[in-house]
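Below, each chain spelled out in residue letters.
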Amino acid sequence: MQLGHWLAAVRQRRPLVHNITNLVVTNTAANALLSIGASPVMAYAHEEVADMASIAAALALNMGTLIPETVEAMRIAGRAANSAGVPVVFDPVGVGATPYRTETAKDLIRDVKLAVLRANAGEMSVLLGLPGQVKGVDALAADDALPMAMKAYAAEKGTVVIATGAVDFVTDGENIWQLANGHSLLSSITGSGCMLTALLGAFVGVVPEGSTPATFAEACIAAVTSYNVAAEQAAKLAHGPGTFQARLLDSLYTLEPSTVDELARVQLA
Amino acid sequence: MQLGHWLAAVRQRRPLVHNITNLVVTNTAANALLSIGASPVMAYAHEEVADMASIAAALALNMGTLIPETVEAMRIAGRAANSAGVPVVFDPVGVGATPYRTETAKDLIRDVKLAVLRANAGEMSVLLGLPGQVKGVDALAADDALPMAMKAYAAEKGTVVIATGAVDFVTDGENIWQLANGHSLLSSITGSGCMLTALLGAFVGVVPEGSTPATFAEACIAAVTSYNVAAEQAAKLAHGPGTFQARLLDSLYTLEPSTVDELARVQLA
Amino acid sequence: MQLGHWLAAVRQRRPLVHNITNLVVTNTAANALLSIGASPVMAYAHEEVADMASIAAALALNMGTLIPETVEAMRIAGRAANSAGVPVVFDPVGVGATPYRTETAKDLIRDVKLAVLRANAGEMSVLLGLPGQVKGVDALAADDALPMAMKAYAAEKGTVVIATGAVDFVTDGENIWQLANGHSLLSSITGSGCMLTALLGAFVGVVPEGSTPATFAEACIAAVTSYNVAAEQAAKLAHGPGTFQARLLDSLYTLEPSTVDELARVQLA
């Protein structure tokens, strides 16, 4: 699978990504998008989110510090994006931590058609109704309960489903891919998953409308791999989480498409 | 035009700048103000913004992630600042992107008297009712439609008007200055314009009350030039947008007034 | 007093700290907690703050950019934490700057039982009703009005009280400690006090329930000293406030418990 050309397309077309995201990562998500070459816009007012989502190349919704006003903004923007054929990425941050988060996430995935659903393994298990608590995806195999549930959900909904961790799983409902790039420092900065969600918006923002889930999945694999390769390169120049964060933006900015293809560790599971 | 003494005045008097700004740049605007030597305060509650604006040296309003509650806070604070003789800087971020933004910006400039209006060229064109879309100011000449409209607006309102880009235009309604400092990395970090808006608050916060627009314009030219010279110096030590952002704060902190005067590229247009 | 073992306990137990904090420092507070080895969560919705506070190891409340909705969230979360035996840290940012802030802070300390009250000296003077304005704690002696008022308040309420500055004062109502670590660059970055408030949450989050104020005070002294020693080390590698902030997170991440004990400058006042 060639991935670098997706990064080149983002750089060339500078897709406008409308983010409704959490208060922790507003700045870093915008900076990640700028660094990769996309155009971020953050807009929350009920009075304008439908307009903004409709002119965007993608809409990225993140539930991190949800309040009812923001949830309603996500719903309005999500429906407008659906009407306009703009792909929607959803990150149900913290689903399962409180009943309010769980209900809200379930309401949103019922009301808005998603191009991409991204969460960590524990959140994904809650959302897909798996029993028990999943602490990480390090030990998951592709025939374990979670990847199988993700694949079934993806097939049913026509949505790309991504569970991230030390190993990332991506499925379009037909295949499951395992992605092995990345660095442990990502778990020592806040919003590393949220930045990825924003970047997924940039990559699906350059997928031609009407493409199959398989094509969206390929763009998503390119997003995850570009981000994780950038993290690997940033870690070499970092002395801890603070300098890593600065270097991660630098790496996203300087990352060559050919480097993504050289270093990608992607396989069918 | 000597500019460095304005920076020295900011350092000496540490003006309190009350910011009502967007969620993306709240942290970076506060840090830019601290780095240059001013005192930032962020306050949004309708219950306190009039009190806070009245005791501040300047009020900086930024429309980036506007919601109705914040817009009303801007109006309350702006009117209190007007009553107390506190200069107001306004940044109509994203005006033109949605009808809501355009209406809100027009309402605010009707309801609040501004000391400084700052936007990029495209936003400024929308706000001043120019037809067509202006993508950048690189190619603008001072007798082009936008600078002429800015000058007319400044003269009518007694407001300094600034359009930023690869070249920045500043007018007090009588003269138009062209400012040529800066670095392209500024466009790869989020909130670079918003940080400048906050810094404009610091510089107009040390202008004596009752000064002419020409004096306010000089302080604004000093703010833009100080910021852009700091960016030039930061870029030399940066490896991309992440390290640039850290180095930009360092440069604002260490910038010498004499360096601003040495490196300033300011001319009457 | 041995302090390093508290840092080791934070690293080992990764306490979940629920933060209701201000818009300026949301990202940096989360990153400081991750860097020290704790788990941050930011949650504001009235619908979930009681649930979240109840499952947290500590609740950190920060009044920086208060609006009525956030104040109510603090009250709901604070009461839930009190019911669940979860220690509460409160930072009355800007109390005294406007009547609204002063009233809100007084309401909150009446409605919520605090494990720790932290402010700078000026804010603490306002809150404890001392006349006049205190500009810094550099010149304070332990028998001055402020430390004596802090001690009396701590004894009355069973709360650890901390006033930070170039010298920090900590009291459990019986003793007053003077802490002399730290670096002047802390005052050139925004949210340096707010990051400490978040870290205090991590350290009191590993204090066994039912411990005496003296034990909570020791954990607080460990938090303040760990943070200030990290700042000292970060300053050696910084070129200004921007690189300092990145290096501060690096230092919190790499700080050894034994280094805290070696470099601690703590004495009974």
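Criteria and cut-off values
- Residues numbered from 1 in each chain as written.
- Chains lettered and ligands numbered in written order.
- Predicted model: local features only at pLDDT ≥ 70, side-chain atom pairs only at ≥ 80, totals over all residues.
- Heavy atoms only, no water.
- UniProt positions renumbered as here; feature names shortened; annotations may be inferred.
- Helix = DSSP H or I, 4+ residues; strand = E, 2+ residues; numbered from the N terminus.
- Rg over C-alpha atoms; globule rule 2.2 N^0.38 Å.
- Buried < 20%, exposed > 50% of the residue type's maximum accessible area, 1.4 Å probe, protein only.
- pLDDT = per-residue confidence, 0-100.
- Contact = heavy atoms within 4.5 Å.
- Polar contact = N/O pair within 3.5 Å; in protein donor to acceptor, adjacent residues only side chain to side chain.
- Axes fitted to C-alpha atoms, helices over the stretch in contact; angles between N-to-C directions.
- Parallel < 35°, antiparallel > 145°, perpendicular 65-115°, else oblique.
- Left-handed = near helix turned anticlockwise from the far one by under 90°.
- Nonpolar A, V, L, I, M, F, W, Y, C, P; charged D, E, K, R; others polar.
- Buried area = accessible area lost by both parts, 1.4 Å probe.
- Salt bridge = Lys/Arg side-chain N within 4 Å of Asp/Glu carboxyl O.
- Expected span 1.5 Å × (residues − 1).
- Least-squares fit on C-alpha atoms with pLDDT ≥ 70 in both.
- Pairing = 2+ DSSP bridges.

Chain A is annotated in an unreviewed UniProt entry as Hydroxyethylthiazole kinase from Alicyclobacillus acidoterrestris. Turning to chain A, the UniProt annotation filed under Function (unreviewed entry) states: "Catalyzes the phosphorylation of the hydroxyl group of 4-methyl-5-beta-hydroxyethylthiazole (THZ)."

1. A word on the overall build of chain A
On a plain count of helices and strands, chain A comes out with 11 helices and nine strands. Whereas a compact globule of 269 residues would reach a radius of gyration of roughly 18 Å, chain A reaches 17 Å, a difference of no more than 12%. Its C-alpha atoms give chain A principal-axis dimensions of roughly 40 × 40 × 35 Å. Across the 269 residues that make up chain A, the buried fraction comes to 64%.

2. Comments concerning the confidence of the model for chain A
Taken residue by residue, chain A gives an average pLDDT of 94. The fraction at 70 or more is 96%. The ipTM value of the predicted complex is 0.95, and its pTM value is 0.96.

3. Thoughts on the UniProt feature "binding site: substrate" (unreviewed entry) in chain A
The positions that UniProt labels "binding site: substrate" (unreviewed entry) are, in the present scheme, A:Met42 and A:Gly191. Structurally, the position occupied by A:Met42 is in strand β2 (residues 39–42). Contact partners of A:Met42, with chain neighbours within four places excluded, come to A:Asn19, A:Thr21, A:Thr26, A:Ala29, A:Ala30, B:Val24, B:Gly64, B:Thr65 and B:Arg101. Tracing the backbone shows A:Gly191 in the loop between β8 (176–179) and α8 (192–204). Exposure remark for A:Gly191: the relative accessible area of 10% places this residue in the buried category.

4. A look at the side chain of A:Glu48
Note on placement: A:Glu48 falls in the loop between β2 and α3 (49–55). Its relative accessible area of 0% is what places A:Glu48 among the buried residues. Within the structure, A:Glu48 has its side chain in polar contact with the side chain of B:Arg101 (distance 2.7 Å). Not counting the four nearest positions on each side in its chain, A:Glu48 is found in contact with A:Ala43, B:Leu66, B:Thr98, B:Tyr100 and B:Arg101.

5. With respect to the packing of helix α2 (residues 26–36) of chain A against helix α10 (residues 241–254) of chain A
Residue and element names in this part refer to chain A. Remark: α2 packs on α10, axes separated minimally by 7 Å, with the N-to-C direction vectors making an angle of 30°. When the axes of α2 and α10 are compared, the pair comes out roughly parallel. The handedness of the crossing between α2 and α10 comes out as right-handed. Mapping the contact onto sequence places Thr28, Asn31, Ala32, Ser35 and Ile36 in α2 and Gln245, Leu249, Leu252 and Tyr253 in α10. Looking at the contact of α2 with α10 residue by residue, the classes come out as five nonpolar, four polar and no charged.

6. Observations regarding the interface of chain C and chain A
Each side of the interface is counted separately: chain C has 22 residues, and chain A has 25 residues. Counting the surface lost from both chain C and chain A, the interface buries some 1,900 Å², and carbon and sulfur atoms represent 63% of this. Between the two partners, chain C and chain A, sit one salt bridge. A salt bridge links C:Glu48 to A:Arg101, with the nearest nitrogen and oxygen atoms 2.7 Å apart. Taken together, the connections running from chain C to chain A amount to seven residue pairs in polar contact (both at pLDDT 80 or more).

7. Overview of helix α5 (residues 99–111) of chain A
With 13 residues, α5(A) should reach 18 Å at 1.5 Å per residue; the first-to-last C-alpha distance of 18 Å fits that figure. Turning to α5(A), its buried residues number three or more, namely A:Tyr100, A:Arg101, A:Thr102, A:Thr104, A:Ala105, A:Leu108, A:Ile109 and A:Asp111. Residues of α5(A) that are buried sit in contact with α4 (68–84), β4 (88–91), α6 (121–127) and α7 (145–157) of chain A together with β2 (39–42) and α3 (49–55) of chain C.

8. So, the relation of the copies chain C and chain A
With an RMSD of 0.0 Å, the operation that places chain C on chain A is a rotation of 120° combined with a shift of 0.0 Å along the axis. Overall, the copies show the geometry of a three-fold rotation axis. Ranked by how close their C-alpha atoms come to the rotation axis, the residues of chain C are headed by C:Leu23, at 4.1 Å. In this assembly, only 5% of the residues forming the interface of chain C have copies in chain A that are likewise at the interface, indicating a heterologous arrangement.

9. Regarding the relation of the copies chain B and chain A
One copy of the chain maps onto the other through a rotation about an axis followed by a shift along the same axis. Note on the identical chains: chain B maps onto chain A by a rotation of 120° and an axial translation of 0.0 Å, with an RMSD of 0.0 Å. Taken as a fraction of all interface residues of chain B, those also at the interface in chain A reach only 4%, which identifies the copy contact as different-surface.

10. With respect to the sheet that holds strand β9 (residues 266–268) of chain A
Residue and element names in this part refer to chain A. The nine strands lie next to each other as β2-β1-β3-β4-β5-β6-β7-β8-β9, forming an open sheet whose pairing is mixed. Each edge of the sheet is formed by a strand with only one pairing partner; in this case those strands are β2 and β9. Averaged over neighbouring strand pairs, the angle between their axes works out to 20° when direction is ignored. Where strand β3 (residues 58–62) and β4 come together, four bridges link them in parallel fashion. If you follow Asn62 over to β4, its bridge partner there is Asp91.

11. Some points on the UniProt feature "binding site: ATP" (unreviewed entry) in chain A
Residue and element names in this part refer to chain A. Mapped onto this structure's residue numbering, the UniProt feature "binding site: ATP" (unreviewed entry) falls at Arg118 and Thr164. The named residues occupy 47 residues along the chain; their greatest pairwise C-alpha distance, 7.5 Å, places them in one compact cluster. Relative to the helices and strands, Arg118 resides in strand β5 (residues 116–120). On the basis of relative accessibility, which here comes to 5%, the residue Arg118 falls in the buried class. Dropping the residues within four chain positions of it, Arg118 is found in contact with Phe90, Asp91, Pro92, Met124, Ile162, Thr164, Gly193, Cys194, Leu196, Thr197 and Leu200. Looking at the secondary structure, you find Thr164 in strand β6 (residues 160–164). Under the relative-accessibility criterion, Thr164 is labelled buried at 14%. A polar contact is formed between the side chain of Thr164 and the side chain of Arg118, at a distance of 2.5 Å.

12. Some points on unusual backbone geometry
The backbone phi angle of B:Arg14 is positive, close to 45°, even though this residue is not glycine. Along the chain, B:Arg14 turns up in the loop between α1 (4–13) and β1 (16–20).

13. What to know about the side chain of A:Arg101
Structurally, the position occupied by A:Arg101 is in helix α5. Residue contacts for A:Arg101: discarding those within four places in its chain leaves A:Met63, A:Gly64, A:Thr65, A:Leu66, A:Val93, A:Gly94, A:Val95, C:Met42, C:Ala43, C:Glu48 and C:Met52.

14. Concerning the interface of chain B and chain A
Listed as interface residues are 24 residues of chain B and, on the opposing side, 22 residues of chain A. Carbon and sulfur atoms make up 62% of the surface buried where chain B meets chain A, a total of about 1,900 Å² over both sides. Area buried by chain B at its contact with chain A is led by B:Leu23, B:Val24 and B:Thr190, which between them contribute 23% of it. The tally of links from chain B across to chain A stands at one salt bridge. There are seven residue pairs in polar contact (both at pLDDT 80 or more) connecting chain B and chain A. Of all the secondary-structure elements, those providing two or more residues to the side of chain B that touches chain A are α5 (99–111) and α10 (241–254) of chain B. With four residues, the top contributor of residues to the side of chain B that touches chain A is α10(B). Across the side of chain B that touches chain A, the residue classes tally to 11 nonpolar, 12 polar and one charged.

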